[in-house]
Amino acid sequence: MSGTDLLELSGLVAGYGRIEALHGVSLTVRAGEVVCLIGRNGAGKSTLLKTVAGLIRPTGGRVLLRGEDISGRPMPWRTRAGVALVPEGRRVFAPISVHDNLLLGGYGRARKAIAAGLDDIYARFPRLAERRGQPAGTLSGGEQQMLAIGRALMAAPSVILLDEPSLGLAPRIVGEVGDIIAGLAGAEAGVLLVEQDAAVAFRLADRGYLLDRGHIITSGPAATLRNDARVRSAYLGAIPAPGEQHH
Amino acid sequence: MEHIPGYVLIGLSTGTTYAVIGLGIALVYQVSGIINFAQGDFVMLGGLTFAFTAEQGAHPVVAAALALTVTAGCGAALHLAVLAPARDAGHDRLIVLTIGASILIQGSAVLVFGADQHFAAPFGGDRQFQAFGVSISAQYLWCAAAAAAVAAAVWALLSRSQTGRAMRAVAADRETARLMGIAPLRMGLIALLLAAVLAGIGGVVLAPIQPPDATAGVPLGLKGFTAAVLGGLTSPLGAIAGGLVVGVVEAVVTGLVSSGYRDTIVYGLLVAVLLVRPGGLLIAAVRERL
Ligand SMILES: Nc1ncnc2c1ncn2[C@@H]1O[C@H](COP(=O)(O)OP(=O)(O)OP(=O)(O)O)[C@@H](O)[C@H]1O
Ligand SMILES: [Mg+2]
């Protein structure tokens, strides 16, 4: 594989006890890219992200971060090495203040790095700065998603895994969150995005993979994928025609 | 009836110990989901080690330091040797394990210290003070000061340090805490260590008033548990308030009715709260104030 691969999965097998949910999945994410992972409910998308993050231990295959096999590494190590997951359903720490949620995102980092990270997040998300003292559970859905993303960014990640960030958000907020995600991929960082909203997924992604019952069945540039009949059926016909804008 | 203020004062004095025990139980429950029924035995162990060592002629400060070391070691051992290896057993079985640990600690204490009570001198000499027509040992001021210091330290830890934040994160959402790179088991160890040290402190300051023997821990643990339940089990502040309430109820019943009904009333309170408001009585009031 080329030297610029940030994240590479090869033949990944993982599941829950006896239930195998991924049957040998291979994909790559390069720095600067937003890669989307598409699939019906139950296809194994969340399982894949959790396995990369370290919540699930794979039973086969490898997870490579900048060429190094990290499959056996514990989660604190992965967090420090730059893997961050924004989980399905946001999962902010509801009773804990916005500010402390962000500080927790920087857990294990040096005091100075945390302070610099906080300044950056508050500059990026002024709404979080205004609400820094209130319990995260009292934020609106969109604000909670911003907090979940901000919390992940506090770890200064290079691989950002997002699990259905637009789920349950009002259409206007979906656009806003989409803009945030578009800004996450950079010179050092790549994004692996699981997204049910086809319009959001194809607006943001450079490339994509279609996951079906634990197998990758097709992949390619976003522009090609969006016209693929199998991709369309995975989204149950919810894809707007090419050129149509999402608001 | 004119004696009630005096009884309340006595109750608040004894309640400080229950508050410290309840605080430890609430901390551990919050972080690990385990109700530690050995918490009272940590108090016994701290008090007994302190009194026994002081009887042998050790300086009280040395004896206290030794007592805290022993309880901390015992807390760490309980976590590392029993609770962490059995973590997949489910919370109800882990609770049974803490009851087993309680019996084991009592047995070991009998072997080491014998079955008799041991005596320690009050810290500032044997003085009493009078208020509202009752006479109270000045040692209770030490108990109150220890409880206040411990509560302030726990509050500072939980709200001001990254470790304390991590403990609250584990309590709020274990899996997501792991995503942050937090190790929940390690937080559980810290919580139990902290709870053991708190209990040890409670045992040391209580020893001159209630000379401990190996069986002293169980009733203290149950009253601390009642305190924690009154406070909603997961609230450190609620547990402290709960401890004071238990102390006052106990003292007023003893004063107005008879000391024979004291424990019946306290445990009756526990059962009533568990039946009526399993979420705790005090936590709602405390939350509203925050
Ligand atoms: N905790 C679990 N225990 C057992 N099986 C699970 C668990 N979580 C998911 N599964 C199973 O693993 C498979 C993949 O689930 P996964 O959550 O990865 O799907 P998904 O693609 O994220 O779906 P969705 O779009 O609904 O979020 C499913 O068959 C699911 O039933
Ligand atoms: Mg999912």
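Here, every reference points to the structure presented above.
Every value quoted in this text rests on a predicted model; they were computed, and no experiment measured them. (Residues numbered from 1 in each chain as written. Chains lettered and ligands numbered in written order. Predicted model: local features only at pLDDT ≥ 70, side-chain atom pairs only at ≥ 80, totals over all residues. Heavy atoms only, no water.)

Asker: Which residues make up the interface of chain B and chain A, and what values do they have?
Answerer: Every contact between the two is made by 18 residues of chain B and, on the other side, 20 residues of chain A. Carbon and sulfur atoms make up 63% of the area that chain B and chain A hide from each other, which totals about 1,800 Å². Three residues, B:Q162, B:L179 and B:M180, lead the burial of chain B against chain A; their summed loss comes to 35% of the area buried on that side. Where chain B touches chain A, the interface holds four salt bridges. A:R91 is the salt-bridge partner of B:E175, the closest N and O atoms lying 3.5 Å from each other. In this assembly, chain B and chain A are joined by six residue pairs in polar contact (both at pLDDT 80 or more). Secondary structure elements with two or more residues in the side of chain B that touches chain A: α6 (162-172), α7 (174-179) and α8 (184-206) of chain B. Of the residues forming the side of chain B that touches chain A, the biggest block, six residues, is contributed by α6(B). (Contact = heavy atoms within 4.5 Å. Buried area = accessible area lost by both parts, 1.4 Å probe. Salt bridge = Lys/Arg side-chain N within 4 Å of Asp/Glu carboxyl O. Polar contact = N/O pair within 3.5 Å; in protein donor to acceptor, adjacent residues only side chain to side chain. Helix = DSSP H or I, 4+ residues; strand = E, 2+ residues; numbered from the N terminus.)

Asker: Can you lay out the site of ligand 1 for me, pointing to particular residues and giving the numbers?
Answerer: Residue and element names in this part refer to chain A. Around ligand 1 lies a shell of 14 residues, among which G42, G44, K45, S46 and T47 are the nearest. Within the contact set of ligand 1, an oxygen atom lies 2.9 Å away from a backbone nitrogen or oxygen of G44. Between ligand 1 and S46, the relevant distance is 2.7 Å, taken from an oxygen atom to a side-chain nitrogen or oxygen of the residue. Across the complex, the protein chains shield 63% of the 630 Å² of accessible surface that ligand 1 would expose by itself. Of all the elements in the fold, those that place two or more residues in the shell around ligand 1 are β2 (19-30) and α1 (45-53). Element by element, the count of residues in the shell around ligand 1 is highest for α1, at three residues. (Near = heavy atom within 4 Å. Areas by Shrake-Rupley, 256 points an atom, 1.4 Å probe, with all protein chains shown as cover.)

Asker: How would you sum up the coordination of the magnesium ion (ligand 2)? Please name residues and give values.
Answerer: Residue and element names in this part refer to chain A. Protein coordination of the magnesium ion (ligand 2) is provided by S46 (OG) and E88 (OE), with donor distances spanning 1.9 to 2.6 Å. Of this pair, S46 sits in helix α1 while E88 sits in the loop between β6 (83-86) and α3 (98-105), and the two are 42 residues apart along the sequence. Of the residues examined, S46 reaches a relative accessible area of 16% and is grouped as buried. When its relative accessible area of 36% is taken as the criterion, E88 is described as partly exposed. (Donors = N, O, S within 2.8 Å, 3.2 Å for Na, K, Ca; no water. Buried < 20%, exposed > 50% of the residue type's maximum accessible area, 1.4 Å probe, protein only.)

Asker: Go over the packing of α6(B) against α8(B) with me, naming the residues and quoting the values.
Answerer: Residues and elements named next belong to chain B. Interaxial distance between α6 and α8 falls to 10 Å at its minimum, and their mutual angle equals 110°. Compared by their axis directions, α6 and α8 come out roughly perpendicular. In this structure, the crossing between α6 and α8 has a hand that is left-handed. The segment α6 lies against α8, with T163, A166, M167 and V170 engaging P184, M187, I190 and A191. Classifying every residue of the contact of α6 with α8 gives seven nonpolar, one polar and no charged. (Axes fitted to C-alpha atoms, helices over the stretch in contact; angles between N-to-C directions. Parallel < 35°, antiparallel > 145°, perpendicular 65-115°, else oblique. Left-handed = near helix turned anticlockwise from the far one by under 90°. Nonpolar A, V, L, I, M, F, W, Y, C, P; charged D, E, K, R; others polar.)

Asker: How would you summarise the packing of aromatic side chains if you had to cite specific residues and measurements?
Answerer: Describing an aromatic ring pair means giving the distance of the ring centres and the angle of the ring planes. Residue and element names in this part refer to chain B. Inspection of every chain in the model, using the stated rule, returns four aromatic pairs over all chains. Seen from their ring centres, F50 and F123 are 6.0 Å apart, and the 75° between their planes marks the pair as edge-to-face. Residue F50 is located in helix α2 (residues 39-55), and its partner F123 is located in the loop between α4 (91-113) and β1 (128-131); the two are separated by 73 residues in the primary sequence. Residue class for F50 comes out buried when judged on its relative accessible area of 2%. Here F123 falls in the partly exposed class, since its relative accessible area comes to 31%. Measuring from centroid to centroid gives 5.1 Å for F52 and F113, while their planes differ by 70°, and the two rings are edge-to-face. Note that F52 is positioned in helix α2 and F113 in helix α4, a separation of 61 residues in sequence. (Phe/Tyr/Trp six-rings, centres within 6.5 Å; stacked < 30°, edge-to-face > 60°.)

Asker: Got a sec to walk through empty space enclosed by the protein? Specific residues and values, please.
Answerer: In the structure shown here, the tally under the stated rule is three cavities of 30 Å³ or more. As for the largest cavity, its lining consists of A:T79, A:V83, A:A84, A:L85, A:G105, A:R151, A:A152, A:A155, B:L179 and B:M180. For the lining of the largest cavity, the leading source of residues is β6(A), giving three residues. Classifying every residue of the lining of the largest cavity by side-chain character gives seven nonpolar, two polar and one charged. Put simply, the second largest cavity is a space of about 40 Å³. (1 Å grid on protein atoms, 1.4 Å probe; cavity = no way out; pocket = protein on both sides within 12 Å on 5 of 7 lines; lining within 4 Å. Points joined across faces, edges and corners; volume = space filled by probe spheres on them.)

Asker: Describe the nonpolar core, and please don't skip the residues or the numbers.
Answerer: With 92 residues, the main nonpolar core has A:L48, A:L161, A:L192 and B:I182 as its most contacted residues. The contacts of B:I182, once residues within four sequence positions are left out, are A:L104, A:Y107, B:A166, B:A169, B:V170, B:A177 and B:M187. A:L103, A:L162, A:V191 and A:L193 belong to the second largest nonpolar core, which has 49 residues in total. (Core = buried A, V, L, I, M, F, W, Y, C linked by side-chain atoms within 4.5 Å.)

Asker: Explain unusual backbone geometry to me, using residue names and the numbers behind them.
Answerer: Backbone geometry follows two general trends: most residues other than glycine have a negative phi, and most peptide bonds adopt the trans configuration. Residues and elements named next belong to chain A. Positive phi values are uncommon outside glycine, yet R66 reaches one of about 45°. Mapped onto the elements, R66 comes out in the loop between β4 (60-65) and β5 (68-69). With a phi angle near 50°, A156 is a residue other than glycine that sits in the positive phi range. Among the residues examined, A156 registers a relative accessible area of 47% and is labelled partly exposed.

Asker: With reference to specific residues and values, describe the sheet that holds β2(A).
Answerer: Residues and elements named next belong to chain A. Pairing is antiparallel across the open sheet formed by four strands, whose spatial order is β2-β1-β4-β5. Of all the strands in the sheet, the pair left with one neighbour each is β2 and β5. Examined bridge by bridge, strand β1 (residues 5-16) and β4 share five bridges and lie antiparallel to one another. Its bridge partner being in β4, E8 is matched across the sheet by L64. (Pairing = 2+ DSSP bridges.)

Asker: Could you give me a rundown of the layout of surface pockets, with the residues and numbers involved?
Answerer: When its volume is computed, the second largest pocket comes out at roughly 740 Å³. Along its surface, the second largest pocket is lined by 32 residues, and B:R87, B:R174, B:R178, B:P184 and B:L185 are the ones closest to its centre. Those elements that provide at least two residues to the lining of the second largest pocket are α2 (75-81) of chain A together with α1 (4-32), α3 (60-83), α4, α6, α7 and α8 of chain B. The dominant element in the lining of the second largest pocket, judged by the number of residues it contributes, is α1(B), at four residues. Taken together, the residues of the lining of the second largest pocket break down into 17 nonpolar, eight polar and seven charged.

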